[in-house]
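The primary structure of each chain is shown beneath.
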Amino acid sequence: MNKVSDILSKPVISLYEAKNIGTVTNILFDKKLQNAKYLLVYLDSEDDVTQKYLPFKDAGSLESDAVTVKNTSKIQSRWAVPPGLSLNPINLPIYNHNGKELGRISDVRLEGAEVLAVVAGEREYTPGVILSKSDEIVIVNDGGERIKLTPPPRIPRVSADGKKTVKVTDREKAAPVSVSAYDAAAEDRPAAAQPPAQPLRPAPPPAPADVNIPVKISESHTSVTKTPPESDMKKLGYVFLLGKIMTKSIFADNGDLIADKDCAIDTEAIERAKANNKLVHLALHSK
């Protein structure tokens, strides 16, 4: 059995390449909070922060000092991760269906990848009593009664031409189709008396639209007016941290404040964290 709090902040190492993959900063779960799916791993290099994902089933030695992976082929980028996953619920407030606050989630207990319970104070709640969850709050049914949530009404689909999609009932499908007297007479007419079928003429091709051909400009008529400074280029690697809210205050080794709790991360905080080798801490304690 593992706890999420014990896995966070551990280094991830590749056994085959003897390589440091990064630090576990979060865990992604399925939408119903029943199974852990991925470890979110950050690698703080000299000029960038790399964000990678390790499938939970490929993570080994979760109880040890470092999480292990057989080789680097198991590491994935965020484009390979399916949508609909949610971050671990630690620090989220938990409410019952009557709106009563039951505390904040302090941990998640796991058996392998399966979620056994979320811990809030002295109480634990199994996935079966969780009614709904978002990245803001968790709703549980802490009583014995049966609770059914009501989704919002479904809006009819409208096609690009403005027509609504209508479902045809079986009764409408079985409705008789009227046949005109001319069509009825045509059905009774012998095949030889039928007028010969006229060949279909192909539709004329559409009139060609005006085509604008770009003019090639020679190198002698071009010039560079501005080049982004090197410092701005390096900041691109940290752009995903901008605007996130700190869940804990981060300090430099000398005691200087880098980022305060409940404050949004700005470029100055990123620069301070980079100068003090605290970028991973900034990512770990923000949401």
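Before reading on, note that the structure itself is shown above.
Residues numbered from 1 in each chain as written. Predicted model: local features only at pLDDT ≥ 70, side-chain atom pairs only at ≥ 80, totals over all residues. Heavy atoms only, no water.

### Let's talk about the sheet that holds strand β13 (residues 130-133)
The test is simple: A strand pair is defined by DSSP finding two or more bridges across the two strands. Starting at the N terminus, helices and strands are each numbered in turn, a helix being any DSSP run of H or I of at least four residues and a strand any DSSP run of E of at least two. Axis geometry follows a simple rule: fit a line to the C-alpha atoms, using only the stretch in contact for helices, then measure angles between N-to-C directions, giving values from 0 to 180 degrees.
A sheet is described by the order of its strands in space; here four strands give the open sequence β9-β8-β14-β13, paired in mixed fashion. The open sheet terminates on both sides in strands that have one partner only, identified here as β9 (101-104) and β13. Sheet twist, expressed as the average angle between the axes of neighbouring strands with direction ignored, equals 20 degrees. Strand direction decides the pairing type here: strand β8 (residues 93-96) and β9, joined by three bridges, are antiparallel. Its bridge partner lying in β9, proline 93 is registered against arginine 104.

### Concerning the environment of arginine 123
Just so we agree on the cut-off: By definition in these notes, contact holds between two residues if any of their heavy atoms fall within 4.5 Å.
In this structure, arginine 123 sits in strand β12 (residues 123-125). Along the primary structure arginine 123 and leucine 102 are separated by 21 residues, whereas in three dimensions their C-alpha atoms are 9.0 Å apart. Ignoring sequence-local partners within four residues, the contact set of arginine 123 consists of Val118 and Asp142.

### Section: the nonpolar core
The test is simple: Only buried residues count toward a nonpolar core, which is a set of Ala, Val, Leu, Ile, Met, Phe, Trp, Tyr and Cys residues joined through side-chain atoms within 4.5 Å. Classification of residues uses two cut-offs on accessible area relative to the type maximum, computed with a 1.4 Å probe and protein chains only: under 20% is buried, over 50% is exposed, and between them is partly exposed.
In terms of nonpolar packing, the biggest core is built from 33 residues, with Phe29 and Leu39 touching the most fellow members. Considering every element that reaches this core, the biggest residue donor is strand β3 (residues 19-29), with four residues. Here leucine 39 is in contact with Ile7, Val24, Asn26, Ile27, Lys52, Tyr53, Leu54, Phe56, Ala59 and Val67, once residues within four sequence places are set aside. Formed by 19 residues, the second largest nonpolar core is a distinct cluster that contains Leu28, Ala269, Ala273 and Ala283.

### Some points on the pairing of strand β10 (residues 107-111)
β10 sits mainly inside the fold: four of its five residues count as buried. Bridging between strand β1 (residues 2-3) and β10 involves two bridges; their strand directions are antiparallel. Residue pairing for β10: asparagine 2 is matched across the bridge by leucine 110. Relative to strand β11 (residues 114-120), β10 runs antiparallel, the two sharing five bridges. Across the sheet, arginine 109 pairs through a bridge with alanine 117, a residue of β11. Linkage of β10 to β11, two consecutive antiparallel strands, is achieved through a turn of two residues, within which glycine 112 is found at a positive phi near 70 degrees.

### Regarding the pairing of β8
Count of turn residues in the β8/β9 antiparallel hairpin: four residues, of which glycine 99 carries a positive phi of about 90 degrees. In this sheet, strand β14 (residues 138-140) lies alongside β8 in parallel orientation, the contact comprising three bridges. Counted as the bridge partner of isoleucine 94 is valine 138 from β14.

### Considering the side chain of asparagine 96
Formally: Pairs of N or O atoms are called polar contacts if they sit within 3.5 Å, as long as, within protein, a hydrogen donor faces a hydrogen acceptor (for residues adjacent in sequence, only side-chain-to-side-chain pairs).
Structurally, asparagine 96 can be placed in strand β8. The exposure class of asparagine 96 is buried, given its relative accessible area of 7%. Here the side chain of asparagine 96 touches asparagine 98 through a polar contact of 3.0 Å, landing on its backbone nitrogen. In this structure the side chain of asparagine 96 is engaged in a polar contact, spanning 3.4 Å, whose partner is the side chain of aspartate 142. Not counting residues within four places of it along the chain, the set of residues in contact with asparagine 96 comprises Leu102, Ile139, Val140 and Asp142.

### Quick notes on the pattern of salt bridges
To keep things clear, this is the line we draw: Salt bridge, as used here, is a side-chain nitrogen of Lys or Arg placed within 4 Å of a carboxyl oxygen of Asp or Glu.
Under the definition given, this model contains three salt bridges. A salt bridge links arginine 109 to glutamate 124, with the nearest nitrogen and oxygen atoms 2.9 Å apart. Here glutamate 124 lies in strand β12 and arginine 109 lies in strand β10, a separation of 15 residues in the sequence. The class of glutamate 124 is partly exposed, set by a relative accessible area of 43%.

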